[in-house]
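# Chains, contacts and geometry: an overview
Read off the chains here:
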Amino acid sequence: MSAPPAEIPSAPSPSWRDTLKVYLEPATLRMLALGFSAGLPLLLVLGTLSFRLREAGIDRTTIGYLSWVGLAYGFKWVWAPLVDRMPLPPLTTLLGRRRGWLLLAQALVIVGLVGMAMNDPRHGLAPLVWCALLVAFGSATQDIALDAFRIESAETRKQAALAAAYQTGYRLAMIWAGAGVLWVAAWAEVAPAVAATGAAAYQNGAWKTAYLVMAASMGVGVLTVLLSPEPVRLVLPKAKNAAEWLQNVLIDPFADFIRRYKWQAALILALIAIYRISDVVMGIMANPFYVDMGFTKDEVATVSKIYGVVMTLVGAFVGGVLSMRLGVMRVLMLGAVLSAASNLLFAWLASRGHDLTALIAVVSADNLAGGIASAAFIAYLSSLTNISYSATQYALFSSLMLLLPKFIAGYSGAFVDAYGYSQFFTATALLGVPVLLLVALASRLTTTTSAADRQ
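Quick look at the structure, then.

Thresholds, definitions, all that
- Residues numbered from 1 in each chain as written.
- Predicted model: local features only at pLDDT ≥ 70, side-chain atom pairs only at ≥ 80, totals over all residues.
- Heavy atoms only, no water.
- Helix = DSSP H or I, 4+ residues; strand = E, 2+ residues; numbered from the N terminus.
- Buried < 20%, exposed > 50% of the residue type's maximum accessible area, 1.4 Å probe, protein only.
- Contact = heavy atoms within 4.5 Å.
- Areas by Shrake-Rupley, 256 points an atom, 1.4 Å probe, with all protein chains shown as cover.
- Phe/Tyr/Trp six-rings, centres within 6.5 Å; stacked < 30°, edge-to-face > 60°.
- Patch = residues over 30% accessible without salt bridge, like charges linked within 9 Å, V, L, I, M, F, W, Y side chains within 5 Å.
- Salt bridge = Lys/Arg side-chain N within 4 Å of Asp/Glu carboxyl O.
- Axes fitted to C-alpha atoms, helices over the stretch in contact; angles between N-to-C directions.
- Parallel < 35°, antiparallel > 145°, perpendicular 65-115°, else oblique.
- Nonpolar A, V, L, I, M, F, W, Y, C, P; charged D, E, K, R; others polar.
- Left-handed = near helix turned anticlockwise from the far one by under 90°.

### A few points about the overall build of the protein chain
Within the protein chain, the secondary structure is distributed over 23 helices and zero strands. By residue count, 54% of the 455 residues in the protein chain fall in the buried class. Pairs at least 24 residues apart make up 85% of the contacts formed inside the protein chain by residues separated by at least 6 positions. Total accessible area on the protein chain stands at roughly 19000 Å², and carbon and sulfur atoms take up 69% of it.

Shown next, in the form of structure tokens:
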């Protein structure tokens, strides 16, 4: 039996001033803007789209199945090796590999959003779905390049701060794509000559304006990419032949992870696979729930924009700071508990009907929990990657995080139709119980990854 590894003396905790100063560094501020670009497309092909489809009279079961468009995020590890290693002439020559891929991905998102704006779901779902798939593919590709860009932009001890900034930008974009788009759509509506209700009251022109505004909002990310420096990448030797290139690109990133963590890799991957399951499965039915409870676009947008933004910023900031001060695993457990508990609040809200005060309380608590959990989880995933394969390994982790939850979420509409909203939200909270066990087990891992091993 081999001797246990010698304990490495822990470095002294940074002062509060040094901890907070990290949030003002250029790399952190860039990550705030790029996080906005990454977070914008997600709801536009999932949550916000479900609101639009429900308002257009599409049934909940169909909406649930259409959420499988988001599985593109769960399979991004398939093309992540190409994003990690393949150049894009002339973009790579002009901008560098990371920024070149980022710009291409953002262009795909913009084109897809314009296509979604131009199609009316009442006249057929197929064109809208194809455009949504393009947005999802471009967004997933952007995530791959951006995760590598973030990991390569700062040393390990600053990754929690970068993750918090990224998460703050990401959540701000989700508020804009979830609440802002509803505000724009409500503002763009015209008063009908004859009062109408249900699907007859749906105005596709208003949604067209809203989605075009969202496409224009991607300019934040485009401008940031053009003004940002390319991070310094580890220079790797060129492959001698195609077989060696495939070995380096496709096999080595995954073999490296297994080599470093051995049998513990299974536990880590299981935790990654289900950590956000409560939030993801619940999220697909949130907007149809608001529509069915009688909340207007203005009400949902106002609550999300004011209370949701404040709680999201607080959650992401608290999650990042606590991760640096107390350790990622402790905050990971806190985030898991809060995420599951917040879903029970939605079950309570379902019994209240149209209660705006209750909606404010629930949305606030949910955003606070999500901000804390996401900041800690991103920092945890970043700590697992080897910088030599940053894009591929992080894409594997973040894909695995979404694959099972999004697959299960496809059946959410059918579940709600069969059992109702209260039972659905309670069931999603119970999905978070196994997460607590896995976080506890992962916290007990004794393997120490040395700095040399990550480089």
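After presenting the structure, the write-up continues.
### Brief notes about unusual backbone geometry
In this chain, Pro 89 is followed by Pro 90 through a cis amide linkage whose omega measures 0°. Of note in this structure, Lys 262 is not a glycine but carries a positive phi near 50°. Position of Lys 262 relative to the elements: it lies in the loop between α13 (242-261) and α14 (264-274).

### As for the packing of aromatic side chains
Here a ring pair, both rings aromatic, is described through the centre-centre distance and the interplanar angle of the planes. Enumeration over the complete set of coordinates arrives at 19 aromatic pairs. Centre to centre, the rings of Trp 79 and Phe 137 are 4.8 Å apart; their planes meet at 40°, and the pair counts as tilted. Residue Trp 79 is found in the loop between α5 (71-74) and α6 (80-85), and its partner Phe 137 is found in helix α9 (residues 126-151); the two are separated by 58 residues along the sequence. Looking at Phe 137, the relative accessible area reads 36%, which means it is partly exposed. Between the aromatic rings of Phe 257 and Tyr 261, the centroid separation amounts to 5.1 Å while the plane-to-plane angle is 45°, which identifies the pairing as tilted. One end of the pair, Phe 257, and the other, Tyr 261, are both in helix α13, four residues apart, so they sit about a helical turn from each other.

### Structural notes on a nonpolar patch on the surface
Residues Tyr 65, Phe 407 and Tyr 411 make up a contiguous nonpolar surface patch of about 300 Å² in total accessible area. Along the chain, Tyr 65 turns up in helix α4 (residues 60-66). Of the residues examined, Tyr 65 reaches a relative accessible area of 36% and is grouped as partly exposed.

### Re the packing of helix α8 (residues 97-118) against helix α11 (residues 204-217)
Helix-helix packing is characterised by the crossing angle of the two axes and by the distance between the axes. Taken N-terminus to C-terminus, the directions of α8 and α11 make an angle of 170°; their axes are 8 Å apart at the nearest point. Between α8 and α11, the crossing angle belongs to the class labelled roughly antiparallel. In this structure, α8 contributes Ile 110, Leu 113, Val 114, Met 116, Ala 117 and Met 118 to the contact, and α11 contributes Asn 204, Lys 208, Tyr 211, Leu 212, Met 214 and Ala 215. Considering only residue class, the contact of α8 with α11 consists of 10 nonpolar, one polar and one charged.

### Focus on the side chain of Asp 143
On the secondary structure map, Asp 143 appears in helix α9. The buried category is assigned to Asp 143, whose relative accessible area is 5%. Those residues in contact with Asp 143, other than ones at most four positions away along the chain, are Ala 38, Tyr 73, Lys 76 and Tyr 166.

### Examining the packing of helix α2 (residues 26-44) against helix α12 (residues 219-227)
Relative to each other, α2 and α12 sit at 140°, their axes nearing to 8 Å. Of the possible angle classes, the one that applies to α2 and α12 is oblique. For the pair α2 and α12, the crossing hand works out as left-handed. Seen from α2, the contacting residues are Arg 30, Ala 33, Leu 34, Phe 36 and Ser 37; seen from α12, they are Val 220, Gly 221, Thr 224 and Val 225.

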